[in-house]
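Topology and contacts: notes
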Amino acid sequence: RYTNNDLKALIELHSYAAMQETLGQTVGGFGLQSYQTKMIQGAIDAQGSKVKNVMIPFDSVCSIGMGRMDFKRAKKLCRMGYSRIPVYLNKDKHAIIGYLLIKSLVGVDLSKGKSIKELINDAEITLRKPLYVSPNDDIGPLLTRFKNGKSHMAIVTDNIKQMESNMRRYI
């Protein structure tokens, strides 16, 4: 039996860089790449970790309201590099009702500058339903929910019932 730290050390020993350093030569095709090593070690570290330890702080989240969507705004969102953008109701950034997949804007005529609400009502785009989770939830079950479901974004909140109510009321 190995402890988590033992497993992480063993994984590191099997990394491509460690094998190369130990043998003093190129070890073509053998060893884990650095991204693989980091991924496995991250999975080990995630066990027992809480959502609040890995979440992005709300002030750092890029979100949009139901306002106008034109080429300029879409281009700005694309440049930010996010694939999913939370959408909030009215001017309350905390009332997130869903998230927009940026790729869903491909092929949509944005020259008219319709609002997000109009684009949804005209069935040109759809909002995805986010998961709402508590900051004290374990990360493991959340990752399983991501893996099994269609949602790959969770809104971390102390008031899950209110957030779900906002979403249901709008949808």
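See the structure printed just above.
Quick caveat: nothing in here was measured; it's all calculated off a predicted structure.

This part takes up the pattern of salt bridges. Applying the stated rule across the entire model yields five salt bridges. Taking the shortest distance from any N to any O, the salt bridge between Asp-138 and Lys-50 comes out at 2.8 Å. Of the two residues, Asp-138 is situated in the loop between strand E3 (131-133) and helix H6 (139-148) and Lys-50 in the loop between helix H3 (34-46) and helix H4 (71-80); the sequence distance between them amounts to 88 residues. On the basis of relative accessible area, Lys-50 is assigned to the partly exposed category, the value being 29%. In this structure, the salt-bridge partner of Arg-68 is Asp-70, at a minimum N-O distance of 3.1 Å. Using a relative accessible area of 51% as the deciding quantity, one classes Arg-68 as exposed. Assessed through its relative accessible area of 17%, Asp-70 is described here as buried. One network of salt bridges, with partners in common, ties together Lys-114, Asp-122 and Glu-124.

Let's shift gears to the environment of Gly-65. With respect to the secondary-structure elements, Gly-65 resides in the loop between H3 and H4. Each C-alpha atom of the pair Gly-65 and Pro-86 lies 8.5 Å from the other, and the pair is 21 residues apart in sequence. The residues touching Gly-65, leaving out its near neighbours within four places in the chain, are Arg-73, Val-87, Tyr-88 and Ile-116.

Moving on, we get to the nonpolar core. Within the largest apolar cluster, 20 residues are counted, with the highest numbers of intra-cluster contacts made by Ile-64, Met-69, Leu-77, Val-87, Leu-100, Ile-116 and Ile-125. At the level of elements, H4, strand E1 (84-88), strand E2 (96-101) and helix H5 (116-121) are the ones that each hand at least two residues to this core. Contacts of Val-87, omitting those with residues within four sequence positions, involve Ile-64, Gly-65, Met-66, Ala-95, Ile-96, Ile-97, Gly-98, Tyr-99, Leu-100, Ile-116 and Leu-127. In terms of nonpolar packing, the next biggest core, distinct from the first, is built from nine residues, Ile-96, Tyr-132, Ile-155 and Met-167 among them.

Moving residue by residue along a regular strand, the side chains alternate between the two faces of the sheet. Among the six residues that make up E2, six are buried, leaving the element largely enclosed by the rest of the structure. In this structure, E1 lies alongside E2, joined through five bridges in antiparallel fashion. The partner of Arg-84 across the bridge, within E2, is Leu-101.

We now examine the side chain of Thr-157. Along the chain, the position of Thr-157 falls in the loop between strand E4 (154-156) and helix H7 (160-170). Among the residues examined, Thr-157 registers a relative accessible area of 13% and is labelled buried. Engagement of the side chain of Thr-157 in a polar contact is seen with the backbone nitrogen of Asn-159, the distance being 2.9 Å.

Parameters at a glance
Residues numbered from 1 in each chain as written. Predicted model: local features only at pLDDT ≥ 70, side-chain atom pairs only at ≥ 80, totals over all residues. Heavy atoms only, no water. Salt bridge = Lys/Arg side-chain N within 4 Å of Asp/Glu carboxyl O. Helix = DSSP H or I, 4+ residues; strand = E, 2+ residues; numbered from the N terminus. Buried < 20%, exposed > 50% of the residue type's maximum accessible area, 1.4 Å probe, protein only. Contact = heavy atoms within 4.5 Å. Core = buried A, V, L, I, M, F, W, Y, C linked by side-chain atoms within 4.5 Å. Pairing = 2+ DSSP bridges. Polar contact = N/O pair within 3.5 Å; in protein donor to acceptor, adjacent residues only side chain to side chain.

Read these as spatial facts, not as claims about activity.
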